[in-house]
Amino acid sequence: MRRILGVLGISAALATAGAGVAAAGAGVAAAEEWAPIGPYPTYEECEISEQGFQSAGHLTTGCTYRDMGYPWQDGYYFYASRVE
């Protein structure tokens, strides 16, 4: 249940953030803006979340491991874009 609520919360954040950024950029469609979603500790958790985003109508890129600058940022990420 927490996972579903997290996906819905992130979806809502993307929906509102994408609209504001699209309005600021001249002629840039919100569907062209991609946001990184993560980190997830396992590939399976990343895939489950990605499927939730796809079900909510977002385009996604697939899960990949990213080694970031700090250990708490390392993990699996995917990029999501809102579809109008």
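The structure under discussion appears in the preceding block.
To keep things clear, this report deals only with the structure shown in the data block. (Residues numbered from 1 in each chain as written. Predicted model: local features only at pLDDT ≥ 70, side-chain atom pairs only at ≥ 80, totals over all residues. Heavy atoms only, no water.)

This paragraph deals with the pairing of strand E4 (residues 75-81). For E4, the buried fraction is high: five of the seven residues fall into the buried class. Note that strand E1 (residues 34-40) and E4 share five bridges and pair antiparallel. Bridge pairing in E4 places Ala-35 opposite Ala-80. Sheet topology places strand E2 (residues 59-60) next to E4; two bridges connect them, and they run antiparallel. (Buried < 20%, exposed > 50% of the residue type's maximum accessible area, 1.4 Å probe, protein only. Helix = DSSP H or I, 4+ residues; strand = E, 2+ residues; numbered from the N terminus. Pairing = 2+ DSSP bridges.)

Together, Trp-34, Leu-59, Tyr-79 and Val-83 make up an exposed nonpolar region whose accessible area comes to about 350 Å². Turning to its location among the elements, Trp-34 is positioned in strand E1. (Patch = residues over 30% accessible without salt bridge, like charges linked within 9 Å, V, L, I, M, F, W, Y side chains within 5 Å. Areas by Shrake-Rupley, 256 points an atom, 1.4 Å probe, with all protein chains shown as cover. Salt bridge = Lys/Arg side-chain N within 4 Å of Asp/Glu carboxyl O.)

Take the state of the cysteines next. The final tally for this structure, using the stated rule, is one disulfide. Between the sulfur atoms of Cys-46 and its disulfide mate Cys-63 the distance is 2.2 Å. An S-S torsion of about -100 degrees defines the bridge between Cys-46 and Cys-63 as left-handed. Residue Cys-46 is located in helix H2 (residues 43-55), and its partner Cys-63 is located in the loop between E2 and strand E3 (64-66); the two are separated by 17 residues in the primary sequence. Judged by its relative accessible area of 0%, Cys-46 is buried. (Disulfide = S-S within 2.5 Å.)

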